[in-house]
Amino acid sequence: MTDLLAVHDLSVIYGTQAQAVERVSFVVGPREVVALLGANGAGKSSIMKALAGLVPARGELIFEGEPIGGLTVRQRVARGIVYVPEGRAVVGSLTVRENLVLGGYQLPATQRRERLTAMLDLFPELTGRLDGPAWRLSGGEQQMLAIGRGLMAGPKLLLLDEPSLGLAPLLVRRVFDRLAGIQQGSNLAIVLVEQNLQMTMRLADNIHFLRSGRLVGHRHRSDLQTGSARQEVIDAYLGSASHNAA
Ligand code: ATP
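All of these numbers come straight from a predicted model, not from anything done at the bench.

Student: Mind laying out the nonpolar core, listing which residues take part and the relevant values?
Tutor: In this structure, Leu100, Leu145, Leu158, Leu160, Leu197 and Ile207 are the most contacted members of the largest nonpolar core, which totals 48 residues. Counting residues per element, this core draws most heavily on helix 6 (residues 169-184), which supplies seven residues. Among the nonpolar cores identified, the runner-up in size contains 31 residues, and Val7, Leu10, Val21 and Val55 belong to it.

Structure follows, in structure tokens:
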């Protein structure tokens, strides 16, 4: 299987500070969901921003067989790499419809309309709220809108940064169920950043553990079927802070 994305020795350094990400390497196959799990400050978002082209990075990024490290954010979006940042970054003052349209701004009008309809099929909660401001949506609905806006561009690779952040457990489950449905019915690959092992296992094929900017372990979903295997992973890689989340 040819990799969709290959990350070799990726490093991110902010100013003169210590390295936020240190020589991280992993691959993402077509239609694969790869998760990066780690505590706060482990470097997860920095990796995502580096993949999206939002922060300067060292190392090699190969997407569909071609180097993309020198491409701008916009050029990466055009190649099919779309970043959904953490914190449900919807534009609250715009309507739900406007937020969605924003995600597909580069598309011809007919295709944009088709995608909008497809998004409302995926997230029917948004249908009755299309012409209201996005800030009126609940946390879970805002997260669905943020994901829907990312999908409007028709990505091949979705970079999804902590979709569970700040959501009540019931909403977290709903968002992850929806993501599983989307991913099964499409050619979409996902890099998922999370602190929640339980939810991550619902979606991810491969899970990499990140600590202090380095990858310190890896498990396939099938390695985590038993409670004791999961507990071992929590103890070894995620610590007590993530115990509750998992
Ligand atoms: P969280 O779950 O809290 O978002 P994270 O695993 O995503 O954490 P990052 O946000 O990538 O971690 O941060 C990794 C390290 O880089 C941290 O020490 C953080 O303080 C630092 N860092 C992140 N962004 C910047 C920035 N813009 N300037 C300087 N340091 C930064």
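Student: I'd like to hear about the packing of helix 4 (residues 109-122) against helix 5 (residues 139-152), residue by residue, with values.
Tutor: Angle between the axes and distance between the axes are the two parameters that describe a pair of packed helices. Interaxial distance between helix 4 and helix 5 falls to 10 Å at its minimum, and their mutual angle equals 145 degrees. Taken as a pair, helix 4 and helix 5 cross one another with a handedness that is right-handed. On the side of helix 4, the interface is formed by Arg112, Arg115, Leu116, Met119 and Leu122, while helix 5 contributes Gly148, Leu151 and Met152.

Student: Would you mind going over unusual backbone geometry in detail, with residue names and values included?
Tutor: Positioned with a positive phi, Arg31 is a non-glycine residue whose angle comes to about 65 degrees. Of note, Arg31 is situated in the loop between strand 2 (19-28) and strand 3 (33-37). A residue is classified by how much of its surface remains accessible, and Arg31, at 39% relative accessible area, is partly exposed. Even without a glycine there, the phi angle at Glu64 is positive, about 50 degrees. Structurally, Glu64 can be placed in the loop between strand 4 (58-63) and strand 5 (66-67).

Student: Talk me through the sheet that holds strand 7 (residues 157-161); I want residue IDs and the actual numbers.
Tutor: With mixed pairing, six strands are arranged side by side in an open sheet as 6-7-8-3-9-10. Each edge of the open sheet is held by one strand with a lone partner, namely strand 6 (81-84) and strand 10 (214-220). Ignoring strand direction, the axes of neighbouring strands in this sheet form an average angle of 20 degrees. Examined bridge by bridge, strand 6 and strand 7 share four bridges and lie parallel to one another. By the bridge assignment for strand 7, Tyr83 is matched with Leu159. Taken strand by strand, helix 1 (residues 44-52) contacts strand 3, strand 6, strand 7, strand 8 (189-194) and strand 9 (206-211), and its axis lies near 150 degrees from that of strand 7.

Criteria and cut-off values
Residues numbered from 1 in each chain as written. Predicted model: local features only at pLDDT ≥ 70, side-chain atom pairs only at ≥ 80, totals over all residues. Heavy atoms only, no water. Core = buried A, V, L, I, M, F, W, Y, C linked by side-chain atoms within 4.5 Å. Buried < 20%, exposed > 50% of the residue type's maximum accessible area, 1.4 Å probe, protein only. Helix = DSSP H or I, 4+ residues; strand = E, 2+ residues; numbered from the N terminus. Axes fitted to C-alpha atoms, helices over the stretch in contact; angles between N-to-C directions. Left-handed = near helix turned anticlockwise from the far one by under 90°. Contact = heavy atoms within 4.5 Å. Pairing = 2+ DSSP bridges.

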